[in-house]
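If you want the building blocks of each chain, they are given just below.
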Amino acid sequence: MTDIRTESNAMEMIAISSAAEKNRRRNVRFRNIGIGFAGFLTLILVWKLSVNLLNVPSYILPAPEQVVVALWSGIAVPVSSPLGWYLPLWSTMSNALAGFLIGALLGLFFGSLMAEFRAVETALMPYAFALQSLPKVAIAPLIVIWCGFGDGSKIAMAALLAFFPMMVNTFAGMRAAEVERIELMKVLSASRLETYRLVKLPSAAPYIFAGLDMGIVYALLGTIVAEFLGAQEGMGVAITKAQAVTDVAGVFAALVVLGITGILLHLIVRRVERSLIHWADRGKR
Amino acid sequence: MTFAVDAPTAAGIGAAAGAKMQTARSPLIAVKDVVKIYPTVAGEAVLALDHVNLNVGEGEFVCLVGPSGCGKTTLLRLLAGLDTSDHGTSSLAGKALNGPSEEVGVVFQQANLLPWFTVMENVLLPLRVGGARKTEQLIDQIKALLKVAGLEGFENKYPYELSGGMQQRAAIVRALARDPQLLLMDEPFGALDALTRERMNAELQRIWMASGKTVVLITHSIDEAIFLGDRIIVMSPRPGRIVRELKVDLPRPRVATEMLGNETHTALAREIRMLLE
């Protein structure tokens, strides 16, 4: 009798403590959202106050509400309207994503090749470092000469910028594969391809995702830079157009759109990463 | 199959008719005059194994003990096909061992399960790579082994959801997946706490008795060696040599609590300790 009572008491206590833990975590989350929101409001307030108190003209720094109006004027239109954000964003995004895909795949390929074959590493590493330390934005004019003012130069630029973090991270990740795991495959007489596919590539996955995370933001950057140099459509064009008529609020609004897009892309990559490599960092043995 | 005349177990045949392991014995591994030299980073060469001779009978459980750097891991790596010797030969069932073999299963110091695979995928890995045969019979056998190892119901869990002891048991099942003749274990329980380790020893004994495999196990623990081994090989450090072979005449299955204060056990433990000092 007593035993059963103690047992149920223990179960109750467990239930209570787990409920308390859940509660605590929810409170922390709410508090964090609150802090973030308060910080945002403070920023807007300081911005608004300084514009008003210092009498900053709107062609230097527009007031927050002007940016909101400019932002809204691009949202509250039909999707196919040339005045909306939708068309330029779609153009920029599709080029950035296509370039990202190409750059990421090439980075994965060359990174793997370099990690797997010492000769390839020796042959390519100097160029990889040279190109890596070059400000790649400076290559943009060349790319435009080679690929023209159309989508080609945007995709190429996005691919170029997405390529490096992917290549470097794939290389580093594969080299970081644990020796014991590779020896296990050796003991099993596994082929080189089997070891690559079943051990080295998964070992490199956390690195590869870090590369993807960087790469996707870089691809967006590359596309915008190429658009600045000459394009018919895209967010870069939207910014240039607004700048041409000193519509600074419009420039700000475009930057806000790009910022939100970047954050969303980053969150998507993180989400995919968490579901795909749930095993990472959980117990080494 | 060739039979070495000087097989240390040959004398045991017939003498102990009751012990099931001893009647089936014939030398499975023959290591002859093996020398292994390692170059160090500093440039000087280290003699890791100095003319080592070792015979292991079929179905025998041999434990290698010795201080760090005595070359026991080197010897195991040679048998696993991860290294090659600089002199001498080693053979398995009469065939020279020059590289990894289907007939050798290896358990590492760490469980070394692939974290991106489930327990089932991990233990089936040996049938998936290296052009191994994947028969229904082998798969059934693996499932039976998982049950013996107490991993039933955990097939679809990931390694990080398992305790250290369970991970190491899964690693043992994986090493047995191809139904090899020989099981090599390099301090398999070194990373576990003392109590878990004792339980794992009992489980390993059970798995070994059920499978009848030949086992070569490296350990730092004298108690573990006496508990598990039919024979204990004591090695000396630099250059790695075999200094003594000791037979463990204790009935199976051995029970940890009965080992405490057992005369044979105490005498063996004392002798090994003195050899290691």
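Relevant structure appears above.
Bear in mind that the values here come from a model prediction, so they are computed numbers and not experimental data.

From N to C terminus, chain B includes nine helices and 10 strands. Its C-alpha atoms give chain B principal-axis dimensions of roughly 50 × 45 × 40 Å. When burial is assessed residue by residue, chain B has 43% of its 277 residues classed as buried. Put simply, of all contacts in chain B between residues at least 6 apart along the chain, 70% involve residues at least 24 apart.

Let us look at the overall build of chain A. The helix and strand inventory of chain A stands at 10 helices and zero strands. Mapped from its N terminus to its C terminus, chain A presents α and β elements in the order α-α-α-α-α-α-α-α-α-α. Relative to its length of 285 residues, chain A is extended, with a C-alpha radius of gyration of 26 Å against a globular reference of 19 Å. Principal-axis analysis of the C-alpha atoms places the extent of chain A at approximately 80 × 65 × 35 Å. Taking all 285 residues of chain A together, 31% fall into the buried category. Taking as baseline every contact in chain A between residues at least 6 positions apart, the subset at least 24 positions apart corresponds to 77%.

To continue, consider the packing of helix α3 (residues 86–116) of chain A against helix α8 (residues 192–228) of chain A. Any two packed helices are characterised by the angle at which their axes cross and by the distance between the axes. Residues and elements named next belong to chain A. Here α3 crosses α8 at 140 degrees, and the two axes come no closer than 8 Å. Handedness of the crossing formed by α3 with α8: right-handed. Of the residues in α8, those touching α3 at T92, N95, A96, G99, F100, G103, A104, G107, L108 and E116 are Y196, I208, G211, L212, G215, I216, A219, L220, G222, T223, I224 and E227. Classifying every residue of the contact of α3 with α8 by side-chain character gives 11 nonpolar, nine polar and two charged.

With that settled, the discussion passes to the pairing of strand β6 (residues 104–107) of chain B. All names here are of chain B. Side chains V104 and V106 project from β6 onto one buried face, and the interleaved G105 and V107 project onto a second face that is buried too. Pairing of β6 with strand β7 (residues 182–186) involves four bridges; the strand directions are parallel. Among the inter-strand pairings, V104 is bridged to a residue of β7, identified as L182.

Pairing between the strands of a sheet comes from backbone hydrogen bonds, and it takes one of two forms, parallel or antiparallel. Residue and element names in this part refer to chain B. Read from one edge of the open sheet, six strands run β6-β7-β8-β3-β9-β10, paired in mixed fashion. Whereas interior strands pair on both sides, the edge strands pair on one side only; in this sheet they are β6 and β10 (241–247). For this sheet the average axis-to-axis angle between neighbouring strands, irrespective of direction, equals 20 degrees. Most of the contacts of helix α5 (residues 164–175) go to β6, to which it runs at about 165 degrees, and overall it touches β6 and β7.

Residues and elements named next belong to chain B. Reading across the sheet, the four strands line up as β2-β1-β4-β5 and stay open at both edges, with antiparallel pairing between neighbours. At either margin of the open sheet sits one strand with a lone partner, and together these are β2 (45–57) and β5 (95–96). The sheet contact formed by strand β1 (residues 27–39) and β2 spans nine bridges and is antiparallel. The residue bridging I29 from the neighbouring strand is V56, located in β2.

Within helix α7 (residues 179–187) of chain A the residues assigned to the buried category are R181, L184, M185 and V187 of chain A. One side of α7 of chain A carries all its buried residues, which in axial view fall inside an arc of 160 degrees. The elements touched by buried residues of α7 of chain A are α8 of chain A together with α2 (72–80) and β6 of chain B. Residue S189 of chain A follows α7 of chain A closely and has a positive phi angle near 55 degrees.

Rules used in this analysis
- Residues numbered from 1 in each chain as written.
- Chains lettered and ligands numbered in written order.
- Predicted model: local features only at pLDDT ≥ 70, side-chain atom pairs only at ≥ 80, totals over all residues.
- Helix = DSSP H or I, 4+ residues; strand = E, 2+ residues; numbered from the N terminus.
- Buried ≥ 20, exposed ≤ 12 C-beta atoms within 10 Å, placed from the backbone.
- Contact = placed C-beta atoms within 7 Å.
- Rg over C-alpha atoms; globule rule 2.2 N^0.38 Å.
- Axes fitted to C-alpha atoms, helices over the stretch in contact; angles between N-to-C directions.
- Left-handed = near helix turned anticlockwise from the far one by under 90°.
- Nonpolar A, V, L, I, M, F, W, Y, C, P; charged D, E, K, R; others polar.
- Pairing = 2+ DSSP bridges.
- Arc of directions from axis to C-beta.

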